[in-house]
Amino acid sequence: MQKRRIDSLYPDYFAFPALFVYSIFFTVPILAAFLLSFTDWHIMRLFSPHFIGIENFIYLFKDTNFILALKNTFIFAFFTMVFKVLFGLLLALALVQPLKTKNILRTVFYMPAVLSIVIAGVLFQALFKSNGFLNAFLTAIGLSSWATDWIGNPKTALFTTIVVEIWRWSGFTMAILIAGLQNISHDYYESAQIDGTSAWQRFLFITLPLLRPALTITIVMHTIGGLKVFEQVFVITAGGPGFASQVLGTYIFTAFAQGRLGRSTAMGLILFLLVFAVSYTVNKLLKRKEADI
């Protein structure tokens with residue numbers, strides 16, 4: 001009996017190394033951050049943090065720069081998620097058609113996802129700077145009044161990072177949605193065509209409902225990625241000019257670099273709770289829609 005019980009637990013032993021690594025590099029840092037976010041931990045008092053309760057959180061929600069970073073994070077997450085899913089869906093619908101060049105086009109549209117963000121940042125800085133290609137193009141077609149320093153203008157700086165993010169990940173979304181489209185049986189479309197439905201009706205009542213599991217994955221994934229954004233903004237605008245394109249990721253980095261460790265961990269905890277709450281809510285709502293199919 002004892003031997004049988006040990007044998008039944010044998011597969012669980014293989015999970016222990018992964019569980020140990022996960023605990024060391026994920027669970028422990030989160031618990032430590034939770035505790036340290038209630039202290040005045042500073043680089044000048046590295047080994048003697050003092051408990052100050054919720055003062056860090058009170059300070060942050062009175063800090064106009066933190067509120068701006070929070071607002072920019074939501075703007076970035078919302079618009080990038082919407083357009084990455086929209087463009088990815090359009091590309092997927094186009095490239096499941098029997099085109100001779102569809103494999104080449106899929107590769108071309110997917111390539112930005114594997115491109116280094118540093119390289120992408122350099123490319124788009126050359127595109128968006130005041131004497132860059134975009135302004136030269138606008139001037140050439142008689143729209144010189146539209147030309148501006150897209151990265152250095154507070155009104156357009158965040159917009160440039162959103163464009164880069166959409167460009168990078170629309171092809172990745174396309175790949176996931178193509179897989180979802182290929183799992184839809186053609187029998188549904190043939191039956192609908194016999195009934196005389198239009199292409200739009202087939203998309204609305206067959207493709208979209210049956211593609212919801214893949215759409216749920218992409219929406220949740222891009223929502224989380226948008227809220228956790230850091231490197232895109234840091235490489236292209238560094239949160240500037242001023243605080244115009246500052247997001248939570250870059251603001252946490254700035255606070256940490258200045259030695260305000262307790263305050264930066266408090267911001268990190270807020271970001272963690274924000275990502276968890278939003279992603280859980282979005283996933284729950286979308287799963288409920290899937291259950292209604």
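Residues numbered from 1 in each chain as written. Predicted model: local features only at pLDDT ≥ 70, side-chain atom pairs only at ≥ 80, totals over all residues. Heavy atoms only, no water.

**Details of the pattern of salt bridges**
Phase 1 of the analysis: All told, the structure shown has two salt bridges when counted by the stated rule.
Phase 2 of the analysis: With a shortest N-O distance of 3.0 Å, Lys84 and Glu165 are connected by a salt bridge. Separated by 81 residues along the polypeptide, Lys84 in helix 4 (residues 64-95) and Glu165 in helix 8 (residues 157-182) bring together distant segments of the chain.
Phase 3 of the analysis: Overall, the relative accessible area of 1% leaves Lys84 in the buried class.
Phase 4 of the analysis: Owing to a relative accessible area of 2%, Glu165 belongs among the buried residues under this scheme. (Salt bridge = Lys/Arg side-chain N within 4 Å of Asp/Glu carboxyl O. Helix = DSSP H or I, 4+ residues; strand = E, 2+ residues; numbered from the N terminus. Buried < 20%, exposed > 50% of the residue type's maximum accessible area, 1.4 Å probe, protein only.)

**Considering unusual backbone geometry**
Phase 1 of the analysis: Cis peptide bonds are those with omega within 30 degrees of zero, and the linkage from Gly240 to Pro241 qualifies with -5°.
Phase 2 of the analysis: Mapped onto the elements of the fold, Pro241 is located in the loop between helix 12 (231-236) and helix 13 (248-257).
Phase 3 of the analysis: A positive phi angle, close to 55°, is found at Ala238, a residue other than glycine.
Phase 4 of the analysis: Here Ala238 is to be found in the loop between helix 12 and helix 13.

**Observations regarding the layout of surface pockets**
Phase 1 of the analysis: Roughly 510 Å³ of internal volume is contained in the largest pocket.
Phase 2 of the analysis: Contributing to the lining of the largest pocket are 17 residues, with Ile252, Gly268, Leu269, Leu271 and Phe272 lying nearest its centre.
Phase 3 of the analysis: Breaking the lining of the largest pocket down by element, the ones donating at least two residues are helix 2 (15-36), helix 13 and helix 14 (261-291).
Phase 4 of the analysis: Per-element accounting of the lining of the largest pocket gives the leading share, seven residues, to helix 14.
Phase 5 of the analysis: Class assignment for the residues of the lining of the largest pocket results in 13 nonpolar, three polar and one charged.
Phase 6 of the analysis: Taken as a whole, the second largest pocket holds about 360 Å³ of empty space.
Phase 7 of the analysis: Around the second largest pocket, the lining residues are Leu93, Val96, Gln97, Lys102, Arg106, Leu181, Gln182, Ile184, His186, Tyr189, Phe203 and Thr207.
Phase 8 of the analysis: Put simply, the parts of the chain that give the lining of the second largest pocket at least two residues each are helix 5 (102-114), helix 8, helix 9 (186-194) and helix 10 (199-210).
Phase 9 of the analysis: Taken together, the residues of the lining of the second largest pocket sort by class into six nonpolar, four polar and two charged. (1 Å grid on protein atoms, 1.4 Å probe; cavity = no way out; pocket = protein on both sides within 12 Å on 5 of 7 lines; lining within 4 Å. Points joined across faces, edges and corners; volume = space filled by probe spheres on them. Nonpolar A, V, L, I, M, F, W, Y, C, P; charged D, E, K, R; others polar.)

**With respect to the packing of aromatic side chains**
Any two aromatic rings considered together are summarised by their centre-to-centre distance and by the angle between their planes.
Phase 1 of the analysis: Counted under the stated rule, the structure contains 19 aromatic pairs.
Phase 2 of the analysis: For the ring pair Phe38 and Phe57, a centre distance of 5.4 Å and an interplane angle of 50° mean the geometry is tilted. With Phe38 in the loop between helix 2 and helix 3 (55-60) and Phe57 in helix 3, this residue pair connects regions lying 19 residues apart in the sequence.
Phase 3 of the analysis: The exposure class assigned to Phe38 is buried, which follows from its relative accessible area of 17%.
Phase 4 of the analysis: Take Phe57: its relative accessible area is 15%, and that puts it in the buried class.
Phase 5 of the analysis: Taken together, the ring pairs connect Phe61, Phe66, Phe243 and Tyr251 into an aromatic cluster.
Phase 6 of the analysis: One residue, Arg263, lies across the ring of Tyr59, its end atom 3.8 Å from the ring centre. (Phe/Tyr/Trp six-rings, centres within 6.5 Å; stacked < 30°, edge-to-face > 60°. Lys NZ or Arg CZ within 6 Å of the ring centre and 35° of its normal.)

**Some words on the environment of Ala255**
Phase 1 of the analysis: Residue placement: Ala255 occurs in helix 13.
Phase 2 of the analysis: Each C-alpha atom of the pair Ala255 and Thr265 lies 9.2 Å from the other, and the pair is ten residues apart in sequence.
Phase 3 of the analysis: Excluding its chain neighbours within four sequence positions, the residues that come into contact with Ala255 are Arg260, Ser264 and Met267. (Contact = heavy atoms within 4.5 Å.)

So yeah, pure geometry; function would need other evidence.
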